[in-house]
Amino acid sequence: MMRQWPSVVLFSNSRMSTSTLQIKVKPNARTASLEQQADGTWLASLKSPPVDGKANEELVRLVAQRFGCPKSSVAIKSGTRGRVKLVTVPAP
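Given the structure is predicted, the values throughout are model-derived calculations rather than measurements.

The rules behind each value
Residues numbered from 1 in each chain as written. Predicted model: local features only at pLDDT ≥ 70, side-chain atom pairs only at ≥ 80, totals over all residues. Heavy atoms only, no water. 1 Å grid on protein atoms, 1.4 Å probe; cavity = no way out; pocket = protein on both sides within 12 Å on 5 of 7 lines; lining within 4 Å. Points joined across faces, edges and corners; volume = space filled by probe spheres on them. Nonpolar A, V, L, I, M, F, W, Y, C, P; charged D, E, K, R; others polar. Helix = DSSP H or I, 4+ residues; strand = E, 2+ residues; numbered from the N terminus. Contact = heavy atoms within 4.5 Å. Expected span 1.5 Å × (residues − 1). Buried < 20%, exposed > 50% of the residue type's maximum accessible area, 1.4 Å probe, protein only. Core = buried A, V, L, I, M, F, W, Y, C linked by side-chain atoms within 4.5 Å. Phe/Tyr/Trp six-rings, centres within 6.5 Å; stacked < 30°, edge-to-face > 60°. pLDDT = per-residue confidence, 0-100. Pairing = 2+ DSSP bridges.

A. Examining the layout of surface pockets more closely. In this structure, the largest pocket spans a volume of roughly 190 Å³. If you go around the largest pocket, you meet 13 residues; those closest to its centre are Pro50, Asn56, Thr80, Gly82 and Lys85. Taken together, the residues of the lining of the largest pocket break down into five nonpolar, four polar and four charged.

This is the structure we're talking about:
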């Protein structure tokens, strides 16, 4: 799978080589997907319910798979209990 990096990055930290993405989450979806919106934000449809961190775990897995990086390098910076999250990924 070819790496696709966002065209709009909210924050890029060259010292730590990370980028921060704004992702809107829709739990309990029929299929899991991660799509970039026209405004540069991301929309994640997740199969998991928002209970006991299951949706957050699926989001980290989905982001890591999409950007071709290990799950350990993806982190939810803010919004762990909300629908809109800031997620850090390693910069290309």
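B. Here's a closer look at the environment of proline 49. Turning to its location among the elements, proline 49 is positioned in the loop between β4 (42–45) and α1 (54–67). When neighbours within four sequence positions are excluded, proline 49 is seen to be in contact with Asn28, Lys54 and Ala55.

C. Seen up close, α1. Over its 14 residues, α1 extends 20 Å from the first C-alpha to the last, a length consistent with the 20 Å expected when each residue adds 1.5 Å. Residues of α1 that are buried include every one of Ala55, Asn56, Glu58, Leu59, Val60, Leu62, Val63, Ala64 and Phe67, and no others. The elements touched by buried residues of α1 are β2 (18–26), β3 (33–36), β4, β5 (75–78) and β6 (84–90). Two residues or fewer past α1, glycine 68 is found with a positive phi of approximately 65°.

D. Broad picture of the nonpolar core. With 19 residues, the main nonpolar core has Ile23, Leu34, Leu59, Val63, Phe67 and Val74 as its most contacted residues. Secondary structure elements with two or more residues in this core: β2, β4, α1 and β6. The biggest single contributor to this core is α1, with seven residues.

E. Local environment of the packing of aromatic side chains. According to the stated counting rule, one finds one aromatic pair in the structure shown. Between tryptophan 42 and phenylalanine 67 the ring centres are 5.5 Å apart and the planes differ by 75°, which places this aromatic pair in the edge-to-face class. Taken together, the residues tryptophan 42 in strand β4 and phenylalanine 67 in helix α1 connect sequence positions 25 residues apart. Exposure class is identical for tryptophan 42 and phenylalanine 67. Each is buried.

F. Structural detail: the confidence of the model for the chain. On average, residues of the chain score 87 in pLDDT, and 83% of them reach the 70 mark or higher. Here residues 1–8 is modelled with pLDDT under 50, and outside its nearest four sequence neighbours on either side it reaches 20 contacts, counting other chains as well.

G. Fine view of the environment of alanine 64. Note that alanine 64 resides in helix α1. A relative accessible area of 5% places alanine 64 in the buried class. For the pair alanine 64 and valine 89, spaced 25 residues apart in sequence, the C-alpha to C-alpha distance is 8.0 Å.

H. Region of the structure containing the pairing of β4. Alternating residues of β4 divide into Trp42 and Ala44 and Leu43 and Ser45, and every residue in both groups is buried. Across four bridges, the pairing between β2 and β4 is parallel. Bridge pairing links valine 25 to alanine 44 in β4. Counted along the chain from β3 to the antiparallel partner β4, the turn is five residues long, and its residue glycine 40 has a positive phi close to 95°.

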